[in-house]
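What follows is the residue order along each chain.
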Amino acid sequence: MRAQAEGEIRRDVDFEDVVCMAAAISLASQGESDTRRIRRLVGMFVDGLRAPAGRSAS
């Protein structure tokens, strides 16, 4: 992934991880009328993908 090569995304994340997390968020938000929870879950997921600041993306 280009984002991994540029140090934006952790190197230990692969495509299957992203698909599994997207499915989990989808299941967790099923029937949710409060979009704040969905946004919160997606935000936590995206934050977890990011490489730590000031360190390599390993």
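Scroll up to find the structure.
Residues numbered from 1 in each chain as written. Predicted model: local features only at pLDDT ≥ 70, side-chain atom pairs only at ≥ 80, totals over all residues. Heavy atoms only, no water.

A look at the overall build of the protein
Just so we agree on the cut-off: Each helix corresponds to a stretch of at least 4 residues labelled H or I by DSSP, and each strand to a stretch of at least 2 residues labelled E; elements are numbered beginning at the N terminus. Type-normalised accessible area, obtained with a 1.4 Å probe on protein chains alone, sets the label of each residue: buried when under 20%, exposed when over 50%, and partly exposed for intermediate values. In what follows, residue pairs with any heavy atoms lying within 4.5 Å of each other are defined as contacts.
Helix and strand content of the protein: three helices and zero strands. Beginning at the N terminus, the succession of helices and strands in the protein can be written as α-α-α. Across the 58 residues in the protein, those meeting the buried criterion constitute 17%. Expressed as a percentage of contacts within the protein between residues at least 6 apart in sequence, the contacts between residues at least 24 apart total 58%.

A word on the nonpolar core
We apply this condition: For this analysis, a nonpolar core means a set of buried residues of the types Ala, Val, Leu, Ile, Met, Phe, Trp, Tyr and Cys, connected via side-chain atoms within 4.5 Å.
In this structure, Ile9, Val13, Ile25, Leu41, Phe45 and Leu49 together form the largest nonpolar core, which totals six residues. The leading source of residues in this core is helix 3 (residues 35–49), at three residues. The contact partners of Ile25, leaving out residues within four places of it in the chain, are Leu41, Val42 and Phe45.

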